[in-house]
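Now for the letters of each chain:
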Amino acid sequence: MQYRDSVHRSAHDDRRRRQGRFDRSRHPSRGGMGEHPGGHDRRGNTRKRLSQNFLTDPQIAATVARRSGVESDDAVIEVGPGRGILTRALQPLCREITAYELDPKYAKLISEKHRDDPKVTCHHQDFLTVPAPREAFRLVANIPYSRTSDIIDWCLATPTLKSATLITQWEYARKRTGDYGRWSRLTVLSWPQVEWRLLGRVDRRKFNPVPSVDSGILHLERRKTPLLVPFQQRDFEEMVRLGFTGIGGDIFRSLRQAVSTERLRQAFRDADVNPRAQVGYVSPQEWLRLYDSLMS
Ligand SMILES: C[S@@+](CC[C@H](N)C(=O)[O-])C[C@H]1O[C@@H](n2cnc3c(N)ncnc32)[C@H](O)[C@@H]1O
């Protein structure tokens, strides 16, 4: 076990100030989650600022750990171990855990709890400053919801990530996995490299303080063999971005900006994709078929 305080005071203070603004502007609805009388004491503010909604049910922690696919030779990264409920569930399943906790109180707590455990290392560090590890790893976390997009971006940009199993807001998990019958641009763009799955729902009452919405268990699995090679991926992304401009109102008219009507008609026929579909309703598989048809 190792405890490393790698946050310099001035940088840390700056980051705290920036995050304070970030949290309030992007997540106003979560402003009341401190559940501290008045909500103005220092720990209450820390709780809100760092999205500290602790999981209280060890069975759910065990389910998340099991469903993450972590195996005995895996290195695991955990974002924000907090009081360590997920760390405890993961510890017997993997080779090692490297945790990053921004709150010094909990970084110290985890380090002390695992003082005699060589498998667990906790760094007092903003996870978003962690460089991409060289070795393959799996990431498992009940993430601070206010940093969801940043954490997902970090995961997608890290080629050594094998998978990420994240407790996120329920709506976010549904949106990214097509569970509303619609597909987000980020999901489609990354689909050739990463499969997005919804593993389950967690009742909001399983957290303390109780947040305003339920949570979902979101799983990203990096494909061992990507569906497209790098130059194809670049072309695919260009096509998807064009499709998502929304120009014309449907996917055909958006793509029409760059491809002739005749060629496009043929490609939609070959790929068996509805040319009048609104872009959000086109599944990643349909996008891939369309890409194949256009490139052949
Ligand atoms: C939702 S709580 C989860 C805590 C614990 N894993 C659990 O399930 O009960 C999020 C945790 O992430 C920590 N945290 C917030 N932002 C962070 C960041 N940028 N880097 C590392 N940890 C962060 C919080 O202090 C908190 O402990």
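Everything quoted here is computed from the prediction, not taken from an experiment. (Residues numbered from 1 in each chain as written. Predicted model: local features only at pLDDT ≥ 70, side-chain atom pairs only at ≥ 80, totals over all residues.)

Undergrad: Residues and numbers for the overall build of the protein chain, please.
TA: Broken down by element type, the protein chain carries 12 helices and 10 strands. Counting the 296 residues in the protein chain, one finds 36% classified as buried. Of all intrachain contacts in the protein chain linking residues separated by at least 6 positions in sequence, the fraction that spans at least 24 positions is 63%. (Helix = DSSP H or I, 4+ residues; strand = E, 2+ residues; numbered from the N terminus. Buried ≥ 20, exposed ≤ 12 C-beta atoms within 10 Å, placed from the backbone. Contact = placed C-beta atoms within 7 Å.)

Undergrad: Give me the lowdown on the UniProt feature "domain: Ribosomal RNA adenine methylase transferase N-terminal" (unreviewed entry) in the protein chain, citing residues and values where you can.
TA: UniProt tags residues 60-224 as "domain: Ribosomal RNA adenine methylase transferase N-terminal" (unreviewed entry). Strand forms 30% of residues 60-224 and helix 28%; the C-alpha atoms that close the span are 28 Å apart. (UniProt positions renumbered as here; feature names shortened; annotations may be inferred.)

Undergrad: How would you summarise the pairing of strand β7 (residues 161-169) if you had to cite specific residues and measurements?
TA: Within β7, eight of the nine residues are buried, leaving the element largely enclosed by the surrounding structure. Here strand β6 (residues 137-142) pairs with β7 via six bridges, running parallel. What sits directly across from A141, in β7, is L166. Following the backbone out of β6, through helix α6 (residues 148-156) and into the adjacent parallel β7, one traces a crossover that is right-handed. The pairing of β7 with strand β10 (residues 215-222) spans seven bridges and is antiparallel. Counterpart to I167 in the pairing with β10 is I217. (Pairing = 2+ DSSP bridges. Right-handed = clockwise from strand over helix to strand, strands pointing away.)

Undergrad: Account for unusual backbone geometry, naming residues and giving values.
TA: The residue after N208, namely P209, is reached through a cis peptide bond having omega -5°. Despite not being glycine, S51 has its phi angle at roughly 50°, a positive value. For D272, which is not a glycine, the phi torsion comes out positive at approximately 55°. Relative to the elements of secondary structure, D272 occurs in the loop between α11 (261-271) and α12 (284-295).

Undergrad: An account of the site of the ligand is needed here, citing residue identities and associated values.
TA: Within the structure, the ligand sits among 24 residues, and G80, G82, F127, N142 and P144 are positioned closest to it. Mapped onto the shell around the ligand, the elements with two or more residues apiece are β2 (54-55), α4 (85-90) and β4 (96-101). Of the residues belonging to the shell around the ligand, the class tally is 13 nonpolar, six polar and five charged. (Near = placed C-beta within 6 Å. Nonpolar A, V, L, I, M, F, W, Y, C, P; charged D, E, K, R; others polar.)

Undergrad: Residue-level account of helix α2 (residues 42-49), with values.
TA: Looking at α2, one finds that the buried residues are R47, K48 and R49. At the exit of α2 stands S51, carrying a positive phi of roughly 50°.

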